[in-house]
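Close look at the chain arrangement
Here is how the chains run, residue by residue.
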Amino acid sequence: MTHRARLPYWLLGLLVVVGCSEGEHYPDRPIMLICPWSAGGGTDTVSRTVAALLERDLGVPVNVVNATGGSGVTGHTRGALAPADGYTLTMVTVELNMLHWRGLTNITPDDFRPLMLLNRDDAALFVRDDAPWQSLAELKEEVSAQPRALRASGTAQGGIWHVSLAGWLNAEGLDAGDILWIPINGAGPSLDALMSGGVEMVCCSLPEASALLESGRIRCLGVMASERVEGFPEVPTFQEKGSDWTMGGWRGLALPLDVPEDRAELLEAAVEQVIQSDDYLAFMASTGFNVSPAGPEAFRAIMEGFDQQMGEILTGEAFQSVRSTRYGPMIFPTILFASLALVLLILVVRGGLRRSVDSPRLDRDGMARMGVALAFVLGYLILASRLGYVITATILLLAMLLSLRVKWSVALAVALLLAPMSYQVFAVVLRVPLPWGWLGW
């Protein structure tokens, strides 16, 4: 084997050595904060505020990534399965207690290391200012007269705000599906739909709708709390309007399991400092978000309590319409494996798997080329989370082209061009989460 032929192997080996070397100082590179919900909603707003304050204390960028989709499955799953190196935080929400009961994922609160509970907010029901219903009683009368004629949103199908509204309907003797739920990822886009006439009402927390509420463009028919919410004294509770139904959600920070304890404790101390800061408290007060912090053990106990409560609600007969979804989480894997099985069957029937007499034999060089392909795959798995997609893809693509005896200048130009382009297509256009690494890109 010539020196030129050995070059890709040396390049890959050097990359592995560099990538596997861990810095002694933590943190020494950007931290990712995963938000499972869309930009503009309450969870996103809290996430970005906490991230900005954490940056100041930790001395490294804390980048918020909105990993939306699947009613919260995408963000929570990505957070739970992230490398346990302390560089990925997740803003977990109450949907973590709900998704596994709905059969959408096997991720549960037990798949996270709780860091800090940040706040708890009660659900509230909003309509446009020009809506004909002035009270809950008038709205109930309309729903009773015309079931499934009105539309509502606030979050994805089966999310906490959906369950809150469905629970109220059920508590009033109506069917939980008598108001059609339009799945939208987050309160912010849902309120946009309310103002444009896409839905007739939105169920979310008071702080999430405070801007429109203060401007008089929407009205709140009530909050599902046992007492009026601080900062919104003019909003009546459902109990004041004759309904005993109460419901709300929570938000908190969590880490993947098995993060080194010294790193978890460092982050816990940083978050503790953030939530006690004047800037954080001023933000929460100005936006109306409830402040109810709790440490790791208390946070874990709260999640366990909610998990039991949501299990009883979501597995009950009254909520079967909320649990049901048109497509389950295994629909696409099932289609994929069925297609592969069909292709394999066709090949077997048509004899496509038989080796022809003139086919080249697999020699040592052929096995080496197969080994290179496997080495590139393993190299990506090992390095991408540390170096990021763009750096890793550029170097591996360059090494692969050189192994195929492509000219240096051409290989370098192709690698430098294709790696960033593929990142833009998949990460920016298609929103496929790719590792950021050293470049933060």
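Residues numbered from 1 in each chain as written. Predicted model: local features only at pLDDT ≥ 70, side-chain atom pairs only at ≥ 80, totals over all residues. Heavy atoms only, no water.

Observations regarding the environment of M224
Counting through the fold element by element, M224 comes out in the loop between β8 (218-223) and β9 (248-256). The exposure class assigned to M224 is buried, which follows from its relative accessible area of 0%. Sequence-distant contacts of M224, that is, excluding residues within four places in its chain, are made with D122, A123, S164, L165, C203, F238, W245, T246 and M247. (Helix = DSSP H or I, 4+ residues; strand = E, 2+ residues; numbered from the N terminus. Buried < 20%, exposed > 50% of the residue type's maximum accessible area, 1.4 Å probe, protein only. Contact = heavy atoms within 4.5 Å.)

Points about the pairing of β9
Of all 9 residues in β9, 9 are buried, a share of seventy percent or more. Relative to β9, strand β4 (residues 112-128) runs antiparallel, the two sharing 9 bridges. Note that in β9 the partner of P114 across the bridge is A254. (Pairing = 2+ DSSP bridges.)

Here we look at the confidence of the model for the protein
Detailed conclusions should not be drawn from predicted coordinates in areas where pLDDT is low. For the protein, the average pLDDT comes to 85, and 88% of its residues sit at 70 or higher. By mean pLDDT, the top-scoring element of the protein is strand β3 (residues 88-93) (96), and the lowest-scoring one is helix α1 (residues 3-20) (55). (pLDDT = per-residue confidence, 0-100.)

Here we look at empty space enclosed by the protein
Applying the stated rule across the entire model yields 2 cavities of 30 Å³ or more. If you add up the space inside the largest cavity, you get close to 190 Å³. Among the secondary structure elements, those contributing two or more residues to the lining of the largest cavity are α2 (42-58), α5 (160-171) and β9. Broken down by class, the residue content of the lining of the largest cavity amounts to 6 nonpolar, 9 polar and 5 charged. (1 Å grid on protein atoms, 1.4 Å probe; cavity = no way out; pocket = protein on both sides within 12 Å on 5 of 7 lines; lining within 4 Å. Points joined across faces, edges and corners; volume = space filled by probe spheres on them. Nonpolar A, V, L, I, M, F, W, Y, C, P; charged D, E, K, R; others polar.)

So, the side chain of R29
Checked against the element boundaries, R29 lands in the loop between α1 and β1 (31-35). Here D85 takes part through its side chain, which lies 3.2 Å from a polar atom of the side chain of R29. (Polar contact = N/O pair within 3.5 Å; in protein donor to acceptor, adjacent residues only side chain to side chain.)

Here's the deal with the packing of helix α13 (residues 364-387) against helix α14 (residues 389-403)
A pair of packed helices can be characterised by two numbers: the angle between their axes and the separation between those axes. As a packed pair, α13 and α14 sit with axes 8 Å apart at the nearest point and diverge in direction by 160 degrees. Between α13 and α14, the crossing angle belongs to the class labelled roughly antiparallel. Crossing geometry of α13 relative to α14 is assigned as right-handed. Of the residues in α14, those in contact with V372, F376, G379, Y380, L383, A384 and L387 of α13 are Y389, I391, T392, L396, A399, M400 and S403. Tallied by class, residues from the contact of α13 with α14 come to 11 nonpolar, 3 polar and no charged. (Axes fitted to C-alpha atoms, helices over the stretch in contact; angles between N-to-C directions. Parallel < 35°, antiparallel > 145°, perpendicular 65-115°, else oblique. Left-handed = near helix turned anticlockwise from the far one by under 90°.)

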